[in-house]
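# Report on the structure
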Amino acid sequence: MERTIKPEDFAAIADTAMVLDVRRLEDRAASNETVPFAIWKDPTQIDQWIEAIPRKHPVVIYCVCGGGVSNSVVDRLQAEGVNARFIEGGIEGLKAIGGKLEAK
């Protein structure tokens, strides 16, 4: 199963995938931007929300820069059978290519 999606490829599936913002609480609070229609899920509370995530529907997650948080969350989601990938470079990667963001 693929683990990542390039920021430039994200726009093609953004309307059909479930998009999860898994930035840490303090990182999300420090930002005034989000990906349109993204649902924030606290990565430290994954045990409380993982069962509600669809298993076969495409799920795309992002954190700040596509590092440790995204890797650990995608590992856990994929281990539970979720069709999940994370955006390479996170929300910063989307910003760098002029990806669509909105004020939160």
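As recorded in an unreviewed UniProt entry, the protein chain goes by Rhodanese domain-containing protein and comes from Thiothrix unzii.

Quick look at the overall build of the protein chain now. Summing up its helical and strand segments, the protein chain has five helices and seven strands in all. Seen in sequence order, the protein chain has helices and strands lined up from the N terminus as β-α-β-α-β-β-α-β-α-β-α-β. Taking 104 residues into account, the globule formula puts the C-alpha radius of gyration at 13 Å, and the protein chain, at 12 Å, falls close to it. With respect to the principal axes defined by its C-alpha atoms, the protein chain has extents near 30 × 30 × 20 Å. Here the protein chain, with 104 residues, has 38% of them falling under the buried criterion. Sequence separation of at least 24 residues holds for 73% of the intrachain contacts in the protein chain that already meet a minimum separation of 6. When the accessible surface of the protein chain is summed, it comes to about 5600 Å², and 52% of that surface belongs to carbon and sulfur atoms. Here the protein chain carries 13 positive and 16 negative side-chain charges, and the mean point of each set is 2 Å from the other.

Taken in spatial order, the five strands make up an open sheet running S1-S6-S5-S2-S4, and their pairing is parallel. The outermost strands of the open sheet, each flanked by one partner alone, are strand S1 (4–5) and strand S4 (39–40). Helix-sheet contacts for helix H4 (residues 68–79) involve strand S5 (59–62) and strand S6 (84–87), and the interaxial angle to S6 is about 170°.

For the rest of this paragraph, the subject is the side chain of Arg-23. Residue placement: Arg-23 occurs in the loop between strand S2 (18–21) and helix H2 (25–29). A polar atom in the side chain of Arg-23 sits 3.0 Å from the backbone oxygen of Glu-33. Contacts of Arg-23, omitting those with residues within four sequence positions, involve Arg-28, Ser-31, Glu-33, Thr-34, Trp-40, Pro-43, Tyr-62, Cys-63, Val-64 and Ile-91.

Before going further, it helps to examine the pairing of S2. Pairing of S2 with S5, which is carried by four bridges, proceeds in the parallel orientation. Bridged to Leu-20 within S5 is Ile-61. Looking at chain direction, S2 and S4 are connected through two bridges and run parallel. From the neighbouring strand, Asp-21 faces S4, where its bridge partner is Trp-40.

Here the focus is the pattern of salt bridges. With the rule as written, the count across this model stands at nine salt bridges. Put simply, Arg-85 and Glu-2 hold a salt bridge, and the shortest N to O gap is 3.7 Å. One end of the pair, Arg-85, is in strand S6; the other, Glu-2, is in the segment before S1, with 83 residues separating them in the sequence. Three or more residues joined by partner-sharing salt bridges are found here, namely Asp-21, Arg-23 and Arg-28.

This brings us to H4. In this model H4 runs 16 Å from its N-terminal to its C-terminal C-alpha over twelve residues, within 8% of the 16 Å that 1.5 Å per residue would give. On its buried face, H4 sits against helix H3 (46–49), S5 and S6. Remark: Gly-81 follows H4 within two positions and exhibits a positive phi of approximately 90°.

Next up on the list: the UniProt feature "domain: Rhodanese" (unreviewed entry) in the protein chain. Mapped onto this structure's residue numbering, the UniProt feature "domain: Rhodanese" (unreviewed entry) falls at residues 13–103. A helix fraction of 32% and a strand fraction of 20% characterise residues 13–103, whose end C-alpha atoms lie 21 Å from each other.

Conventions and cut-offs
Residues numbered from 1 in each chain as written. Predicted model: local features only at pLDDT ≥ 70, side-chain atom pairs only at ≥ 80, totals over all residues. Heavy atoms only, no water. Helix = DSSP H or I, 4+ residues; strand = E, 2+ residues; numbered from the N terminus. Rg over C-alpha atoms; globule rule 2.2 N^0.38 Å. Buried < 20%, exposed > 50% of the residue type's maximum accessible area, 1.4 Å probe, protein only. Contact = heavy atoms within 4.5 Å. Areas by Shrake-Rupley, 256 points an atom, 1.4 Å probe, with all protein chains shown as cover. Lys, Arg positive; Asp, Glu negative; His and termini not counted. Charge placed at Lys NZ, Arg CZ, Asp CG, Glu CD. Pairing = 2+ DSSP bridges. Axes fitted to C-alpha atoms, helices over the stretch in contact; angles between N-to-C directions. Polar contact = N/O pair within 3.5 Å; in protein donor to acceptor, adjacent residues only side chain to side chain. Salt bridge = Lys/Arg side-chain N within 4 Å of Asp/Glu carboxyl O. Expected span 1.5 Å × (residues − 1). UniProt positions renumbered as here; feature names shortened; annotations may be inferred.

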